[in-house]
Amino acid sequence: MPNLSMFLLGVVQALILLALAPFFTGFSRMIRARMHSRRGPGVLQDYRDIIKLLKRQDVAPASAGFVFQVTPYVVISVMLLVAMALPVFSQHSPVGVIADLITFAYLFAIVRFFFSLSGVDSGSAYAGLGGIRELTMGVLVEPIMILSLLVVALIERSTNLGSISASISGGYLQSPIAVVLAMIAFGFAVYIEMGKLPFDMAEAEQELQEGPLTEYSGVSLAVLKMGLALKKVVMAQFFISVFLPFGNAAVLDLPSFLIAVVALPIKLAILFFAAGLIENSMARGRFLMASRVTWIGFGVAVLAFVFYLTGL
């Protein structure tokens, strides 16, 4: 069980990731605008949008039920819980009791379930269609995530995220090809979860995965936008924590902690920048074609598992 100081560190790092989330979603929009040769919004625009929405009144459909009302708070609460458990500044999780890959899979499934069901519960056919599309993407993406994480868990012989992160930080050499392929497959899944083309279009929330946002407004929309922005940052940090934990403090002394604090936004910025370059080098595609593309990621994950079995 975590002691009080480590629990407080988990709370602090979760709040830091929450504060950074609108910045990195704005950073992604800025990259898209520059690559399209237009000025676009500034990196702080999402902060202004959230503040504006917090000042407005909630307007919900008359047919909206309990799930519709609680979903924004479920999404942001679960994402904050995951953010507390990630090894952000140290090689080990501040809240190791929940820093388990299987637990994380269930927590992400809870977010997807409530977010999808909120579209159906709103009574809007359009929002319901967005919820169905979100569930479809979950069916396509989650096997890639689980299988790629299973490879590193089998190599480490532990599903604890802190143990995996510490092993890779120490120069993990066992089955290096399997680890690299698992990293590529998991990165593919993270790219999809971040809402990038051709799987989604972040600036057109109602088109694909974020269709359930259609009927939200005011404070609920602000909280849900913060939760979804935090999910993108958490997924990026999840990838970094498992496969690129370099720069995290092995021992939480002041110099190591300060290095980790400086390294955090740099690593996130590099990852979001790379995702932005890939996204804006692609054309939009039909949603029904997504299943054909996700087979690539699943094939790489299977290949990583095969290389693990052969010891490569």
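Everything here concerns the structure above.
Numbering of residues starts from 1 in each chain and follows the order in which that chain's sequence is written. Whole-chain, interface and lining totals are the exception, using all residues; otherwise, since this is a predicted model, local features are given only for residues with pLDDT of at least 70 and side-chain atom pairs are given and counted only at 80 or more. The basis for the side-chain values is all heavy atoms of the structure; hydrogens and waters are excluded.

1. Concerning the overall build of the protein
Labels follow the DSSP assignment, with helices taken as runs of H or I lasting at least four residues and strands as runs of E lasting at least two, numbered in each case from the N terminus. Regarding its fold elements, the protein presents 10 helices and zero strands. Counted from the first residue to the last, the protein has its helices and strands arranged as α-α-α-α-α-α-α-α-α-α. Note on exposure labels: buried denotes an accessible area under 20% of the residue type's maximum, exposed denotes more than 50%, and partly exposed covers the range between, all computed with a 1.4 Å probe on protein chains only. Looking at the protein as a whole, 51% of its 312 residues qualify as buried. Of the contacts formed within the protein by residues at least 6 apart in sequence, a portion of 80% connects residues at least 24 apart. Here, Shrake-Rupley sampling with a 1.4 Å probe gives the accessible areas, and only protein chains in the shown set may cover a residue. Within the structure as shown, the protein displays about 13800 Å² of accessible surface, and the carbon and sulfur contribution to it stands at 71%. A contact between two residues is defined here by any heavy atoms of the two lying within 4.5 Å.

2. What to know about helix 4 (residues 101–121)
In this scheme, a helix's expected span is set at 1.5 Å multiplied by one less than its residue total. Spanning 21 residues, helix 4 covers 30 Å between terminal C-alpha atoms, matching the ideal 30 Å at 1.5 Å per step. Of all the positions in helix 4, only Leu101, Phe104, Leu107, Phe108, Val111, Arg112, Phe115, Ser116, Ser118 and Gly119 are classed as buried. The arc that holds the buried residues of helix 4, viewed along the axis, is 160°, so those residues lie on one side. For helix 4, exposure combined with an orientation more than 90 degrees from the buried face picks out Tyr106 and Val120. What the arc covers is the set of directions going from the helix axis to the C-beta atoms.

3. Quick word on the pattern of salt bridges
Opposite charge on two side chains lets them pair, provided their charged atoms get close. Salt-bridge detection follows one rule: a side-chain nitrogen of Lys or Arg within 4 Å of a carboxyl oxygen of Asp or Glu. Tallied over the full model, the rule gives six salt bridges. A salt bridge links Arg29 to Asp49, with the shortest nitrogen-to-oxygen separation between them at 4.0 Å. Taken as a pair, Arg29 in helix 1 (residues 4–35) and Asp49 in helix 2 (residues 45–54) lie far apart in primary sequence, 20 residues in all. Residue classification places Arg29 among the partly exposed residues on the basis of a relative accessible area of 22%. One salt bridge connects Arg112 with Glu142, and the closest N-O pair in it is separated by 3.1 Å. Placement of Arg112 in helix 4 and of Glu142 in helix 5 (residues 125–156) is noted, with a sequence separation of 30 residues between them. A relative accessible area of 5% places Arg112 in the buried class. Classification of Glu142 by relative accessible area gives partly exposed; the value is 25%.

4. Side note on the nonpolar core
Residues belong to a common nonpolar core when they are buried Ala, Val, Leu, Ile, Met, Phe, Trp, Tyr or Cys residues joined through side-chain atoms within 4.5 Å. The biggest cluster of nonpolar side chains holds 87 residues, and the ones touching the most others in it are Phe104 and Phe238. In this structure, Phe238 is in contact with Leu86, Leu101, Phe104, Phe108, Leu149, Leu161 and Phe186, ignoring residues within four places of it in sequence.

5. Describing the packing of helix 2 against helix 8 (residues 218–243)
Only the contacting stretch of a helix is used when fitting its axis, a line to C-alpha atoms as for every element, and angles between N-to-C directions run 0 to 180 degrees. For the pair helix 2 and helix 8, the least separation of the axes is 7 Å and the interaxial angle reads 150°. When the axes of helix 2 and helix 8 are compared, the pair comes out roughly antiparallel. Packed against helix 2, whose contacting residues are Ile50, Leu53 and Leu54, the element helix 8 presents Gly218, Val219, Leu221, Ala222, Lys225 and Met226 at the interface. All residues other than Ala, Val, Leu, Ile, Met, Phe, Trp, Tyr, Cys, Pro, Asp, Glu, Lys and Arg, Gly among them, are scored as polar; the first ten of these are nonpolar and the last four charged. Taken together, the residues that form the contact of helix 2 with helix 8 break down as seven nonpolar, one polar and one charged. When describing relative orientation, an angle under 35 degrees is termed roughly parallel and one over 145 degrees roughly antiparallel, while 65 to 115 degrees is termed roughly perpendicular and anything else oblique.

6. Focus on the side chain of Gln13
Counting through the fold element by element, Gln13 comes out in helix 1. Polar contacts, as counted here, are pairs of nitrogen or oxygen atoms within 3.5 Å of one another; within protein the pair requires one atom able to donate a hydrogen and one able to accept it, and residues that are adjacent in sequence qualify only if both atoms are side-chain atoms. Within polar-contact distance, the side chain of Gln13 engages the backbone oxygen of Leu86 at 2.6 Å.

7. Some remarks on the packing of aromatic side chains
Note on ring pairs: Phe, Tyr and Trp rings are taken, using the six-membered ring of Trp, and paired if centres are within 6.5 Å. Classes follow the plane angle, with under 30 degrees stacked, over 60 edge-to-face and the rest tilted. A full pass over the atoms with the stated rule returns 16 aromatic pairs. Centroid distance Trp295 to Phe298: 5.7 Å. Interplanar angle 85°. Geometry classified as edge-to-face. You can see Trp295 and its partner Phe298 sitting in helix 10 (residues 290–310), three residues apart, about one turn around the helix. By the ring-pair criterion, three or more aromatic residues cluster together here, those being Phe104, Phe108, Phe186, Phe238, Phe239 and Phe243.

8. Brief notes about the packing of helix 7 (residues 176–193) against helix 8
Remark: helix 7 packs on helix 8, axes separated minimally by 10 Å, with the N-to-C direction vectors making an angle of 175°. As the angle between them shows, helix 7 and helix 8 are arranged roughly antiparallel. In contact with Val179, Ala182, Met183, Phe186, Gly187, Val190 and Glu193 of helix 7, helix 8 contributes Lys231, Met235, Ala236, Phe238, Phe239 and Phe243. By residue class, the composition of the contact of helix 7 with helix 8 is 10 nonpolar, one polar and two charged.

9. Things to note about a nonpolar patch on the surface
What goes into a patch is any residue over 30% in relative accessible area without a salt bridge, connected to like charges within 9 Å or, for nonpolar side chains (Val, Leu, Ile, Met, Phe, Trp, Tyr), within 5 Å. Together, Leu4, Phe7 and Leu8 line one region of the surface with nonpolar side chains, adding up to about 300 Å² of accessible area. Since its relative accessible area comes to 46%, Leu8 is described here as partly exposed.

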